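Notes for the structure review
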Amino acid sequence: MEYRVTDIITLLNAEYKGEVIENVSKLSPFFHSDEKSLTFAADEKFLKNLAQTKAKVIIVPDIDLPLIKGKGYIIVKDSPRVIMPKLLHFFSRTLKRIEKMREDSAKIGENVDIAPNVYIGHDVVIGNNVKIFPHVTIGEGTVIGDGTVIYSNVTIREFVEIGKNCIIQPGAVIGSDGFGFVKVNGNNTKIDQIGTVIVEDEVEIGANTTIDRGAIGDTIIKKYTKIDNLVQIAHNDIIGENCLIISQVGIAGSTIIGNNVTLAGQVGVAGHLEIGDNTMIGAQSGIAGNVEANKILSGHPLVDHREDMKIRVAMKKLPELLKRVKVLEEKNKQ
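Given the structure is predicted, the values throughout are model-derived calculations rather than measurements.

Another aspect to go through is the UniProt feature "active site" (unreviewed entry) in the protein chain. The UniProt record annotates "active site" (unreviewed entry) at His 235. Looking at the element boundaries, His 235 is found in the loop between strand 27 (232–233) and strand 28 (238–239). Once residues lying within four places of it in the same chain are set aside, the contact partners of His 235 are Gly 178, Phe 179, Gln 193, Asp 212, Arg 213, Gly 214, Ala 215, Thr 219, Gly 253 and Ser 254.

Here the focus is the sheet that holds strand 8 (residues 107–108). On the basis of which strands lie adjacent, the open sheet formed by 9 strands has the order 8-11-14-17-22-25-28-31-34 and parallel pairing. Either end of the sheet is taken by a strand with one partner, and the two such strands are strand 8 and strand 34 (274–275). Across 2 bridges, strand 31 (residues 256–257) lies against strand 34 in parallel orientation. Residue Ile 257 lies in a different strand from strand 34, and its bridge partner there is Ile 275.

Formed by 45 residues in total, the largest nonpolar core has its most connected members in Ile 126, Ile 150, Ile 162, Leu 263 and Ile 287. The residues contacting Leu 263, other than those within four sequence positions of it, are Leu 244, Ile 245, Ile 246, Val 249, Ile 251, Ile 257, Val 269, Ile 281 and Ile 287. Counting residues in hydrophobic clusters, the runner-up holds 24 residues, among them Ile 21, Leu 87, Ile 194 and Ile 216.

Along its 12 residues, helix 3 (residues 80–91) runs 16 Å from first to last C-alpha, staying within 8% of the 16 Å computed at 1.5 Å per residue. Of the positions making up helix 3, those classed as buried are Ile 83, Met 84, Leu 87, Leu 88 and Phe 91. Along the axis of helix 3, the buried residues cluster in a sector spanning 120°; they form a single face. Turned more than 90 degrees away from the buried face of helix 3 sit Arg 81 and His 89, all of them exposed.

Moving on, we come to the environment of Phe 91. Along the polypeptide, Phe 91 turns up in helix 3. Given the relative accessible area of 6%, Phe 91 is considered buried. Measuring from C-alpha to C-alpha, the distance between Phe 91 and Asp 192 comes to 8.9 Å, with 101 residues separating the pair along the chain. The contacts of Phe 91, once residues within four sequence positions are left out, are Tyr 3, Ile 8, Val 24, Lys 26, Leu 27, Leu 38 and Ile 194.

Time to look at the side chain of Asp 308. Counting through the fold element by element, Asp 308 comes out in helix 4 (residues 305–316). By relative accessible area, which is 6% here, Asp 308 ends up buried. There is a polar contact of 2.9 Å between the side chain of Asp 308 and the side chain of Arg 312. Ignoring anything within four residues of it in the chain, the contact list for Asp 308 reads Ser 298, Gly 299 and Val 303.

Let us look at the packing of aromatic side chains. Enumeration over the complete set of coordinates arrives at 8 aromatic pairs. With 4.8 Å between their ring centres and 85° between their planes, Phe 30 and Phe 31 make a pair best called edge-to-face. Taking the relative accessible area as the measure of exposure, Phe 30 reaches 5% and is therefore buried. Considering the side-chain rings of Phe 30 and Phe 46, the 4.9 Å spacing of their centres and the 45° angle between planes classify their relative orientation as tilted. With Phe 30 in the loop between strand 4 (26–27) and strand 5 (37–40) and Phe 46 in helix 2 (residues 44–47), this pair connects stretches of sequence that are 16 residues apart. Among the aromatic residues, those joined into a ring-pair cluster are Tyr 3, Phe 90 and Phe 91. Directly above the ring of Phe 159 sits Arg 93, whose terminal nitrogen or CZ lies 3.7 Å from the centroid. Lys 131 extends its terminal NZ or CZ atom over the ring of Phe 133, reaching a point 5.1 Å from the ring centre.

Spatial ordering of the open sheet is given by 10-13-16-19-24-27-30-33-36, a layout of 9 strands whose pairing is parallel. Among the strands making up the open sheet, the edge pair consists of strand 10 (119–120) and strand 36 (286–287). Where strand 24 (residues 210–212) lies against strand 27, 2 bridges are found, and the strand directions are parallel. The residue bridging Thr 210 from the neighbouring strand is Gln 232, located in strand 27.

Conventions used here
- Residues numbered from 1 in each chain as written.
- Predicted model: local features only at pLDDT ≥ 70, side-chain atom pairs only at ≥ 80, totals over all residues.
- Heavy atoms only, no water.
- UniProt positions renumbered as here; feature names shortened; annotations may be inferred.
- Helix = DSSP H or I, 4+ residues; strand = E, 2+ residues; numbered from the N terminus.
- Contact = heavy atoms within 4.5 Å.
- Pairing = 2+ DSSP bridges.
- Core = buried A, V, L, I, M, F, W, Y, C linked by side-chain atoms within 4.5 Å.
- Buried < 20%, exposed > 50% of the residue type's maximum accessible area, 1.4 Å probe, protein only.
- Expected span 1.5 Å × (residues − 1).
- Arc of directions from axis to C-beta.
- Polar contact = N/O pair within 3.5 Å; in protein donor to acceptor, adjacent residues only side chain to side chain.
- Phe/Tyr/Trp six-rings, centres within 6.5 Å; stacked < 30°, edge-to-face > 60°.
- Lys NZ or Arg CZ within 6 Å of the ring centre and 35° of its normal.

Given below as structure tokens:
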């Protein structure tokens, strides 16, 4: 789909400088754009790297910036908090009306086993040898690869991509809206989430696990990663290959997790950080910052796992140590 740049300029009450670009096809994250993208540079991290994005059209604040050959600037005076809801709504896709349990435009492969009470939306593409159990909802434009198994009560929302030979356990929700809100006149106001979820081949997703769609760009689960039950993966997370995500892990938005990472049960991960390859994090740990590759860590704050075990043993001795300190203090008073 094409969007006229002039319409975006009018929407944002903006000015334009640089090379004239007539149309864009999508709104993309700064470092994950292509030549047909519109992107947004709101702070110093991006403004210093305008030449690094592939996007030809960039929304920038009203400050002096060097023009770059082949790129155009949409110059806005409003804050990102005002601009982003307008942009996301402008680029959001209108869904087709639900008309029947299996829409006519859906394409179903060979040897597909579809149980009763399954909704298959408009323009869905389902590969060969897929098995779908009862009470599954598959939203518009979703693609499901060969050999995938989808168990009962799974919801896969619009435009999600599921790879080959995946297993999705009962009750999982893939492509729900990310937790995106801004304050408007003091009230929490929802903003559209226009990205999607891409699940690569050979991934398993546990029962009642939720994977949010990207706000801009996509949430990505890479091949051979296995996700346990009751896991929350937020918008725009990227989970690497061959990871193990154990039950009740929560991962906040825009986090990048490397390959062969293990997050044990009830680990909490803050947003906008990176975890390196081959890292193992012990149960009930809290990750508040970037983690280097090839580490075995646990605790909150994170420390080497063996050191964390020593700390836990020492904690058990604290009541007795406090008693001894109190006795020594009383002796010193005499």
